[in-house]
Amino acid sequence: SCIINVNLYSRRQRALAPGEKLYQGDEMDTLFFDKLKDAGVDVDTAIKRFMDKEDLYLKFLAKYQNDESAANIEKYLAEKNVEEAFKSAHTLKGVAGNLGLDPIAKCASEMVELLRGKDQLEEIDADQLSSVSEELQSVHRSLLNILAEL
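Residues numbered from 1 in each chain as written. Predicted model: local features only at pLDDT ≥ 70, side-chain atom pairs only at ≥ 80, totals over all residues. Heavy atoms only, no water.

(A) Examining the overall build of the protein more closely. Within the protein, the secondary structure is distributed over 7 helices and 0 strands. Listed N to C, the secondary structure of the protein is α-α-α-α-α-α-α in terms of helices and strands. Looking at the protein as a whole, 39% of its 150 residues qualify as buried. Considering only residue pairs separated by 6 or more positions, the protein has 67% of its internal contacts joining residues 24 or more positions apart. Accessible surface, the protein as shown: approximately 8,400 Å² in total, 47% of it carbon and sulfur. (Helix = DSSP H or I, 4+ residues; strand = E, 2+ residues; numbered from the N terminus. Buried < 20%, exposed > 50% of the residue type's maximum accessible area, 1.4 Å probe, protein only. Contact = heavy atoms within 4.5 Å. Areas by Shrake-Rupley, 256 points an atom, 1.4 Å probe, with all protein chains shown as cover.)

Pasting the structure below:
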């Protein structure tokens, strides 16, 4: 299963003013990276993948928030377009893996394997597909909540 404990990271009680950051400077990096690590993100390996440039890693994490792959999986499954759902899951698996977002990469990998080689949605176990899809969306939303602190 690809579920993580997502209740640990609810947003602050008060709303942030536009442009206000939850943390400042190095304090932000340390606390933010600790939250990611607690959620199962392999921050250390990912930063090494980004040539030890934390700022570059943070930039790509921020860009990930706009990635449409997870939403596209749901869209294409609703349209019964297995091929495009597979492509979106495969893309999400790669992007998440490169960013060290292991919980998302794991769920996306499970989705890829469910969809691999299938032409019709009816060829896939509906309960298993529903379960993996729900887990993927839940993990994705939870990590997006953490990333929203960037």
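(B) Spotlight on unusual backbone geometry. In this structure, M51 is a non-glycine residue whose phi angle is positive, near 55°. Within the secondary structure, M51 is located in the loop between α2 (43-49) and α3 (54-64). On the accessibility criterion, M51 (57% relative accessible area) is exposed.

(C) View of the nonpolar core. Counting 41 residues, the largest nonpolar core has L36, Y57, L61 and I104 as its most contacted members. For this core, the secondary structure elements donating two or more residues are α1 (25-38), α2, α3, α4 (69-78), α5 (82-98), α6 (102-115) and α7 (126-147). It is α6 that contributes the most residues to this core, 8 residues altogether. When sequence neighbours within four positions are dropped, the list of residues in contact with I104 reads Y64, L92, A96, L136, V139, H140 and L143. (Core = buried A, V, L, I, M, F, W, Y, C linked by side-chain atoms within 4.5 Å.)

(D) Broad picture of the environment of G94. Note that G94 resides in helix α5. Using a relative accessible area of 32% as the deciding quantity, one classes G94 as partly exposed. Sequence separation of G94 and S109 is 15 residues, and the distance between their C-alpha atoms is 9.0 Å.

(E) Geometry of the side chain of K35. Position of K35 among the secondary structure elements: in helix α1. You can call K35 buried: its relative accessible area is 16%. Here E149 takes part through its side chain, which lies 2.9 Å from a polar atom of the side chain of K35. (Polar contact = N/O pair within 3.5 Å; in protein donor to acceptor, adjacent residues only side chain to side chain.)

(F) Highlighting the packing of α6 against α7. Packing of α6 against α7 brings their axes to within 9 Å, and their N-to-C directions diverge by 155°. Here α6 is positioned roughly antiparallel relative to α7, judged by the angle of their axes. Two packed elements cross with a definite hand, and for α6 against α7 that hand is left-handed. Here P103, I104, C107, A108, E110, M111, L114 and L115 of α6 come into contact with α7, specifically with Q128, L129, V132, S133, E135, L136, V139, H140 and L143. Each residue belonging to the contact of α6 with α7 can be placed in one class, and the counts come to 12 nonpolar, 3 polar and 2 charged. (Axes fitted to C-alpha atoms, helices over the stretch in contact; angles between N-to-C directions. Parallel < 35°, antiparallel > 145°, perpendicular 65-115°, else oblique. Left-handed = near helix turned anticlockwise from the far one by under 90°. Nonpolar A, V, L, I, M, F, W, Y, C, P; charged D, E, K, R; others polar.)

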